[in-house]
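Topology and contacts: notes
One letter stands for each residue in the lines below.
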Amino acid sequence: MDQQVVPAFEPHAVPANNRTRSISLRISQNYLWWLLGAALLLLAYRIGLMLVLPLADTTEARYGEIARLTVSNGFWLMPHIDPHTPFFAKPPLSTWVSAASMMFFGINEFAARLPALLASLVALWFAWAFAGELQIRQRWLVAPVLATSPLFFLCAGAVMTDAVQLMLISAALYFAWRALKATADRQAGRRWRLAFWAMVGLGALCKGLATWALIGLPLFAYAIIERRPLQMFKDIFDWVGVVIALGIFMPWYIAAEYYNPGFINYFIVGEHFSRFLVPGWKGDRYGIAQKQPLGAIWIFWVIGILPWIGIFATELSRMLFKRRKQLLPVERFLWCATLAPLLFFTFSSNIIWTYGLTAALPFAVLAARWLDHAPAPALRRTSMAVLAIALLSIMCAPVIISNAGSNSDRDLIAAYHHAAKQADAELLYRTPPAYSSTYYTKGTLEYPPDATRPHDARKTFVVIERKDIHAQSIDPSRILFTGKFRALIAPE
């Protein structure tokens, strides 16, 4: 008996019958609408969380308080972490945009977070532009990929420096790519080179040398893979561009060091070298060194792009087993932008979960290409999963709001304002306040208690550690609010 030959499975094969092809395309288009709907739903959900969530300790409340002090105290040259302490850990660009938003929309959570959302949307546009370079038909598919990636979703609308840095790095890489494409006409590519160097200058005002490294590493990796590093350097380098970059960041660095001696040493040496090369670095003035096992960035990465980790693995395997010439140049460029920061942070122990963010955007373009070419069954499963993730995320809103509230003193301060009827009431902290404590009281709390000044026990509200309630035998009738860490005690 003749052996039956089973035809090979061709996921991208075009059906011969026109009617079958039309039905298949129509079904695929319906699933694409599901993806678009999920992305728009998550955008609305992210805006809603920006409106209702308190600034949580420590990161969001810290940067929110720095921006508030910039507005209220005029600390525009050098941001301050409190009225007496300049904040040397980061340049001011992210603080400037949050403070500017507060000036327009008031000192509130949404105003503090709005620049991060806008920066993330600009970064999304650059992903869309890269999708065009990769000849993706449905370029907007980068949106659902990023929206359902926990790493991007959390950073898009949080008071941190990461979203602004993502925008600048994405812009710099896109401008560099366009400059490299225009090598046949160097004059035509000059606008892209100058735009690239402008992003380099702004990067120095965002996170300094760290931003430069995250711009330079993918370009260096791509130059090595293309086997023409010297030529690529010539294609991107421009003396006028360098002058533009220096003109953007050097005036601030000079003024910052002049008025705050020691800033350069702390920021350049400490934040850029000691932080990453010295495990458990003790020189951090504003936080706690995050000692992680080597390679922890990959755990953060898996969690950060969790719904798409299967596509990452399959597309990475496909890329590794193909010859270099079988990949489009822009595809090689995007893989360099994805893998270079992850490999760089593999050998660093002092990292946090946001450090893989700049890899998420180029990967989203590669994942969008997979979606654009996926057969109908795979697209159906993916679309249903993405929509389910969006709906599940919205259903988890009460849990998210509760957890964020437990890590913030907003409700405690609200209870104080509700109970403090006297205009001369005071709020005294007998435990170190959190950044959210200072933000929501606008710096009016007293800590440490001033022993030289008498306090009227009838008008003084006290905040103590929650665990000290029983130790101090506090009358339950005086306990106005009990949070995760602290409790508000009414006057005697």
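What comes next is a walk through the structure. As the structure is a computational prediction, the values presented were derived from the model and not from experiment. (Residues numbered from 1 in each chain as written. Predicted model: local features only at pLDDT ≥ 70, side-chain atom pairs only at ≥ 80, totals over all residues. Heavy atoms only, no water.)

Direction of pairing for strand β5 (residues 479-482) relative to strand β6 (residues 486-489): antiparallel, over a ladder of three bridges. Note on β6: the bridge partner recorded for T482 is A487. Connecting the antiparallel pair β5 and β6 is a turn made up of three residues. (Pairing = 2+ DSSP bridges. Helix = DSSP H or I, 4+ residues; strand = E, 2+ residues; numbered from the N terminus.)

Gaps left between atoms are located by rolling a probe of water-molecule size over the structure's atoms. This structure, assessed with the given rule, holds two cavities of 30 Å³ or more. By volume, the largest cavity is sized at about 110 Å³. Along the wall of the largest cavity there are 14 residues; nearest its centre are S94, T95, S98, V159 and M160. Those elements that place two or more of their residues in the lining of the largest cavity are α2 (59-73), α3 (93-105) and α4 (109-133). (1 Å grid on protein atoms, 1.4 Å probe; cavity = no way out; pocket = protein on both sides within 12 Å on 5 of 7 lines; lining within 4 Å. Points joined across faces, edges and corners; volume = space filled by probe spheres on them.)

Where a protein is soluble and globular, its nonpolar side chains tend to be buried together. One finds F130, F175, F196 and V365 to be the most contacted residues of the largest nonpolar core, which totals 114 residues. Among the elements that take part in this core, helix α7 (residues 162-181) stands out by supplying 14 residues, more than any other. Non-local contacts of F130, meaning those with residues more than four positions away in its chain, are made with S170, L173, Y174, W177, V330, F333, L334 and V365. Residues A112, A420, Y439 and F461 belong to the second largest nonpolar core, which totals 27 residues. (Core = buried A, V, L, I, M, F, W, Y, C linked by side-chain atoms within 4.5 Å. Buried < 20%, exposed > 50% of the residue type's maximum accessible area, 1.4 Å probe, protein only. Contact = heavy atoms within 4.5 Å.)

Residues L40, L43, L118 and L121 make up a contiguous nonpolar surface patch of about 330 Å² in total accessible area. Put simply, the parts of the chain that give the nonpolar patch at least two residues each are α1 (18-52) and α4. Note on placement: L43 falls in helix α1. (Patch = residues over 30% accessible without salt bridge, like charges linked within 9 Å, V, L, I, M, F, W, Y side chains within 5 Å. Areas by Shrake-Rupley, 256 points an atom, 1.4 Å probe, with all protein chains shown as cover. Salt bridge = Lys/Arg side-chain N within 4 Å of Asp/Glu carboxyl O.)

As a working rule, side chains carrying opposite charge can pair if their charged atoms are close by. The final tally for this structure, using the stated rule, is 20 salt bridges. A salt bridge links E426 to R453; the nearest nitrogen and oxygen atoms lie 2.8 Å apart. Of the two residues, E426 is situated in strand β3 (residues 426-429) and R453 in the loop between α20 (435-441) and β4 (460-465); the sequence distance between them amounts to 27 residues. Residue classification places R453 among the partly exposed positions, given a relative accessible area of 32%. Shared partners join several salt bridges into a network, and the residues in it are E315, R318, E331 and R369.

This part is about the side chain of E331. Examined against the element boundaries, E331 turns out to sit in helix α15 (residues 329-346). By relative accessible area, E331 is classed as buried at 3%. Separated by 2.7 Å, the side chains of E331 and R318 make a polar contact. Side chain to side chain, E331 and R369 meet in a polar contact 2.7 Å long. Residues within four places of E331 in sequence aside, it is in contact with L134, R318, L366 and R369. (Polar contact = N/O pair within 3.5 Å; in protein donor to acceptor, adjacent residues only side chain to side chain.)

Once that is clear, we can look at the packing of aromatic side chains. Evaluation of the coordinates by the stated rule reveals 38 aromatic pairs. Aromatic pair F233 and F237: ring centres 5.3 Å apart, planes at 25°, arrangement stacked. Here F237 and W239 contribute two aromatic rings whose centre-to-centre distance is 4.9 Å and whose plane-to-plane angle is 85°, an arrangement assigned as edge-to-face. Accessibility expressed as a relative area gives 19% for F237, which makes it buried. The rings of W125, F126, W128, F130, Y174, F175, W177, W192, Y222 and F333 are connected pair by pair, giving a single aromatic cluster. Over the ring of F153 we find R46; its NZ or CZ atom is 5.3 Å from the centre of that ring. In this structure, R62 is placed above the aromatic ring of Y63, and the distance from its NZ or CZ to the ring centre is 5.2 Å. (Phe/Tyr/Trp six-rings, centres within 6.5 Å; stacked < 30°, edge-to-face > 60°. Lys NZ or Arg CZ within 6 Å of the ring centre and 35° of its normal.)

Of all six residues in β4, five are buried; the element is thus mostly enclosed. Note: β3 against β4, four bridges, orientation parallel. Bridging from a neighbouring strand, Y429 pairs with V463 of β4. Assessed by its sense of winding, the connection that carries the chain from β3 through α20 to β4 is left-handed. Relative to β6, β4 runs antiparallel, the two being bridged by four bridges. Looking at the pairing, I464 lines up with A487 of β6. (Right-handed = clockwise from strand over helix to strand, strands pointing away.)

Here the focus is the packing of α7 against helix α16 (residues 357-373). Two elements in contact, α7 and α16, have axes separated by 9 Å at closest approach and are oriented at 50°. Relative to α16, α7 is oriented oblique. By crossing handedness, the relation of α7 to α16 is classed as right-handed. For the pair formed by α7 and α16, the contact residues are D162, A163, L166, I169 and S170 on the first element and L357, T358 and L361 on the second. Across the contact of α7 with α16, the residue classes break down as five nonpolar, two polar and one charged. (Axes fitted to C-alpha atoms, helices over the stretch in contact; angles between N-to-C directions. Parallel < 35°, antiparallel > 145°, perpendicular 65-115°, else oblique. Left-handed = near helix turned anticlockwise from the far one by under 90°. Nonpolar A, V, L, I, M, F, W, Y, C, P; charged D, E, K, R; others polar.)

Turning next to unusual backbone geometry. The step from D57 to T58 runs through a cis peptide bond, and the omega angle for that step is 5°. Residue placement: T58 occurs in the loop between α1 and α2. The amide bond that connects Y447 to the next residue, P448, takes the cis arrangement and shows omega of -5°. Mapped onto the elements, P448 comes out in the loop between α20 and β4. The phi dihedral of R227 is positive, around 65°, even though this residue is not glycine. Its location among the elements puts R227 in the loop between α9 (209-226) and α10 (229-236).

Along the chain, I389 falls in helix α17 (residues 376-395). In this structure I389 comes out as partly exposed when scored by relative accessible area, which is 27%. C-alpha of I389 to C-alpha of G203: the two residues are 186 residues apart in sequence and 34 Å apart in space.

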